[in-house]
Amino acid sequence: MSFLETKHLLGLRGVSRNDLRTILDTAKQFREILDRPVKKVPSLRGITVVNLFFENSTRTRISFELAEKRLSADSVNFTSSSSSLTKGESLLDTMKNIEAMKIDLVVVRHKGTGVPAFLARHSGAIIINAGDGANEHPNQGLLDIFTMEQKYGSMEGRVVTIVGDVRHSRVARSNIWGLHTLGAKVRLCGPATLMPRNRNFFEAAGVEFISDIHQALDGADAVIALRLQKERQEDSLLPTLREYRNFFGVTSEALQHAKPEVLIMHPGPINRGVEIDSSVADGPNSVILDQVTNGVAVRMAVMYLLSGGRADE
Ligand code: CP
């Protein structure tokens, strides 16, 4: 039984303010556990988690695995390249067979938009989206907001600028919806070819589109630089990487227009010298590695709350 209004975590769009607050506040308690000498609690003892990754991952996968260990869950890892999918088994048959082994919770990453929602409709397991295509990456959005709240307390009225390839970014979408629900102002900045096609839809939610990076950073409390997907250059969606950096790179020069205390964020993996300079990524305002640390606590909170675990033990 979920301790949240939502049964699964498929995206942050439509997740209530109440649920967001419960997850972020619970994550604070789990974050403290990560600073203890013994970083383990029995909250998910007896719960079985399957990590179903159909796409490469460093941060998300290791973070979920660690979160499961910290909560004393039993967990197994699935790798599509060594599974019976290579023999033609369908995704649904794969899922039904895994479910028949009496699992409770499935963490899924897939290049196809909507795969986690599809699995949620067709299985009895609790589904957590670990990134689906260009749709959503809800636990990344949550860990980003958690990291911002560590500095600002509340995100109400705060300005967050997201720079780069928003069109293909699930990280951007989850941040947009989560931040919007929590009362922050979101600005999007990047080349027109990398902005979402359904701009009106985002504008209706109060999102601002600003093509000039200096204006987009003016007064920003946090900036999220998105990974530039270099393959987009081949799709003719980009000029040269050098030109991209000149216009949209998060550089020390561009940051002169932001508040002195602006938080520098990036979901990783980073293309240094393209979407962000090393001096900024490794500089005093960077919380990029804090995001990674906080990710474990946020994932602990999400799994604990969705499975109705026992945090007080
Ligand atoms: N931020 C993120 O999703 O990174 P990985 O692709 O390494 O999991």
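Below or above, wherever it landed, is the structure these notes cover. Worth saying up front: this structure is predicted, and the values here are computed from it rather than measured. (Residues numbered from 1 in each chain as written. Predicted model: local features only at pLDDT ≥ 70, side-chain atom pairs only at ≥ 80, totals over all residues. Heavy atoms only, no water.)

**Focus: the pairing of strand 1 (residues 48-53)**
Here is the rule we go by: The classification of residues rests on relative accessible area computed with a 1.4 Å probe and restricted to protein chains. Under 20% of the type maximum is buried, over 50% is exposed, and intermediate values are partly exposed. Every helix listed is a DSSP run of H or I at least four residues long, and every strand listed is a run of E at least two residues long, numbered separately from the N terminus. Strands are treated as partners if at least two bridges between them are detected by DSSP. Clockwise travel from the first strand over the helix to the second, with the strands pointing away from the viewer, marks a crossover as right-handed.
In terms of burial, strand 1 is a largely internal element, 5 of the 6 residues being buried. When strand 1 meets strand 2 (residues 74-79), the two strands line up parallel, connected through 6 bridges. Each bridged residue has a counterpart across the sheet, and for phenylalanine 53 the counterpart in strand 2 is threonine 79. Crossover connection from strand 1 via helix 2 (residues 59-70) to parallel strand 2: handedness right-handed. Judged from the 5 bridges that link them, strand 1 and strand 3 (residues 105-110) form a sheet pairing that is parallel. Note that in strand 3 the partner of valine 49 across the bridge is leucine 105.

**Things to note about the environment of glycine 124**
Here is the rule we go by: Whether two residues touch is decided by their heavy atoms; if any such pair falls within 4.5 Å, the residues are in contact.
By the secondary structure assignment, glycine 124 is in the loop between helix 4 (115-122) and strand 4 (126-132). Overall, the relative accessible area of 53% leaves glycine 124 in the exposed class. In this structure, glycine 124 is in contact with Lys7 and Glu99, ignoring residues within four places of it in sequence.

**Some remarks on the pattern of salt bridges**
Under the convention used in this document: Note on definitions: salt bridges are taken to be side-chain nitrogens of Lys or Arg within 4 Å of carboxyl oxygens of Asp or Glu.
Evaluated as defined, the whole model comprises 13 salt bridges. For glutamate 149, the salt bridge goes to arginine 21, with nearest N and O atoms at 2.9 Å. Placement of the pair is glutamate 149 in helix 5 (residues 138-152) and arginine 21 in helix 1 (residues 17-33), with a sequence separation of 128 residues. Judged by its relative accessible area of 9%, glutamate 149 is buried. Residue arginine 61 pairs with glutamate 65 through a salt bridge whose shortest N-O separation is 3.4 Å. Highlighted residues: arginine 61 and glutamate 65, both in helix 2, separated by 4 residues, approximately one helical turn. Through salt bridges with shared partners, a single ionic network connects Arg21, Asp25, Lys28 and Glu149.

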